Amino acid sequence: MEKDLEPTARRLREAYAAGPIAPLRDVLDPTDIDGAYAVQAINTAHWVGEGRRLVGRKIGLTAKAVQAQLGVDRPDFGALFEDMRIADGGRLDPARAIQPKAEAEIAFVLGRDIADADASPEVIAAAIDHAVAAIEIVDSRIADWKISFADTVADNGSSAYFALGGDPKPLAGLDLYSCGMVMEFNGAVVSLGAGAACLGHPLNAVQWLARTLASRGEPLRAGDILLSGALGPMVALTPGDEVRTLIGGLGTCTFTYGA
């Protein structure tokens, strides 16, 4: 008998305003991939129906160490909406977050659709219009970040907000494998990384996402924003933090976590 997942989806939606909830173990086995994405899809459809504009996807769990921690061997994805975007140099009011953390990423914007479930690396690269430095602010509606794979997937990939840098670059001439990343809070280095930390190469993450969504009948479209995954450890935010990310070849992205 198929489970009714609408109450679980509603529990997550309500947690945005009411505060974090217990892990979803009463409904979802920690590695229940299909059930977790079904919950996510219910909420994505709900939000689109309320008028939120879907602008792309985020990829998570691109670090092998994090996959091992959650007992899985694959990344995950969540939906990006326009109202999740923070302007480069902008502010995020702490009242709008629960238990946020920042991570530095490379974002891609597509110039054409990717509908092939077997899309090659060449097809993926050709579909990308430009890359840009980005910061994702992840958050969890699950108390104390005590998440399983199913928890984070159902919770829209533990997503919250994102900022894109203001210096988009075409792929030609970029070294996205060995490019370095530095993230600073208030001028102090808090996270270091490189392109290779993201599933071996950020474009590997994009290929995984494109193939996965195409096989689900939900292909990526021209104009989509893709957050490809963290290049280094995420760091918890404290009100007043001024966050700056610098990625080799892509420049900077900044925001302030404060009212």
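See the structure above.
Residues numbered from 1 in each chain as written. Predicted model: local features only at pLDDT ≥ 70, side-chain atom pairs only at ≥ 80, totals over all residues. Heavy atoms only, no water.

### Quick notes on the nonpolar core
Test applied: Grouping buried Ala, Val, Leu, Ile, Met, Phe, Trp, Tyr and Cys residues that are joined through side-chain atoms within 4.5 Å yields what is termed a nonpolar core. Buried residues are those whose accessible area, probed at 1.4 Å on protein chains only, stays under 20% of the maximum for their type, while exposed residues exceed 50% and partly exposed ones sit between those limits. Think of it this way: any DSSP run of H or I at least four residues long counts as a helix, any run of E at least two long counts as a strand, and we number them from the N terminus. Contacts are assigned to residue pairs that have any heavy atoms within 4.5 Å of one another.
Leu28, Ile106, Phe108 and Phe255 are the most contacted members of the largest nonpolar core, which has 70 residues in total. With seven residues, helix α6 (residues 202-215) is the single largest residue contributor to this core. If sequence neighbours within four positions are ignored, Phe255 has contacts with Ile86, Gly89, Gly90, Leu92, Ile135, Ile137, Leu237, Asp241, Glu242 and Val243. Among the nonpolar cores identified, the runner-up in size contains 14 residues, and Trp47, Val55, Leu80 and Phe162 belong to it.

### Points about the sheet that holds strand β4 (residues 90-92)
Threshold: When DSSP finds two or more bridges between a pair of strands, those strands are recorded as paired. The angle between two axes is taken between their N-to-C directions and runs from 0 to 180 degrees, where each axis is a line fitted to C-alpha atoms and a helix contributes only its stretch in contact.
In space, the five strands of this open sheet follow the order β4-β13-β12-β8-β9, with mixed pairing throughout. The two strands at the open ends of the sheet, each matched to only one other strand, are β4 and β9 (188-194). With direction set aside, neighbouring strand axes in the sheet form an average angle of 20 degrees. Here strand β12 (residues 241-247) runs beside strand β13 (residues 251-257); their pairing, made up of seven bridges, is antiparallel. Of the residues in β13, the one forming a bridge with Thr245 is Cys253.

### Observations regarding the side chain of Gln99
Cut-off, in case you're wondering: Nitrogen and oxygen atoms within 3.5 Å of one another constitute a polar contact, given that in protein one can donate a hydrogen and the other can accept it, and given that sequence-neighbouring residues count only through two side-chain atoms.
Locating Gln99 in the fold gives a position in the loop between β4 and β5 (101-110). In this structure Gln99 comes out as buried when scored by relative accessible area, which is 18%. Here the side chain of Gln99 touches Ser140 through a polar contact of 3.0 Å, landing on its backbone oxygen.

### A closer look at the packing of aromatic side chains
Each aromatic ring pair is described using two quantities: the centre-to-centre distance and the angle formed by the ring planes. Worth spelling out the cut-off: Stacked, edge-to-face and tilted labels apply to pairs of Phe, Tyr and Trp rings (six-membered ring for Trp) whose centres lie within 6.5 Å, assigned for plane angles under 30 degrees, over 60, and everything in between, in that order. A ring has a charge above it when a Lys NZ or an Arg CZ is no more than 6 Å from the ring centre and no more than 35 degrees off the ring normal.
Applying the stated rule across the entire model yields four aromatic pairs. Summarising the aromatic geometry, the rings of Tyr37 and Phe77 are spaced 4.5 Å apart at their centres and angled 20 degrees between planes, so their arrangement reads as stacked. Of this pair, Tyr37 sits in helix α2 (residues 33-49) while Phe77 sits in strand β2 (residues 76-81); the two residues are 40 residues apart in sequence, bridging distant segments of the chain. An identical accessibility class is assigned to Tyr37 and Phe77; each is buried. Given the relative accessible area of 2%, Phe77 is considered buried. Grouping aromatic residues by their ring pairs yields a cluster made of Tyr16, Trp47 and Phe81. Seen from the ring of Trp47, Arg52 lies directly overhead, with NZ or CZ sitting 5.0 Å from the centre. The lysine or arginine in question, Arg216, covers the ring of Tyr37, its NZ or CZ lying 5.1 Å from the ring centre.

### A closer look at the side chain of Asp32
The topology assignment puts Asp32 in the loop between α1 (6-18) and α2. A polar atom in the side chain of Asp32 sits 2.9 Å from the backbone nitrogen of Gly35. If we ignore the near neighbours within four places in the chain, the residues touching Asp32 are Lys3 and Ala150.

### Notes on the pattern of salt bridges
What counts is decided by this rule: For this document, the term salt bridge refers to a Lys or Arg side-chain nitrogen within 4 Å of an Asp or Glu carboxyl oxygen.
The tally for this structure, following the rule as stated, stands at 15 salt bridges. Here Arg74 ties to Asp73 by a salt bridge, and the two come within 3.7 Å at their closest N and O atoms. Arg74 sits in the partly exposed class, given a relative accessible area of 37%. Asp113 is paired through a salt bridge with Arg221; the nearest N and O atoms lie 3.0 Å apart. Pair noted here: Asp113 is in the loop between β5 and α4 (121-127) and Arg221 is in the loop between α6 and β10 (225-230), with a separation of 108 residues, a long-range link. In this structure Arg221 comes out as partly exposed when scored by relative accessible area, which is 42%. The network of salt bridges with common partners includes Glu6, Arg10 and Arg13.

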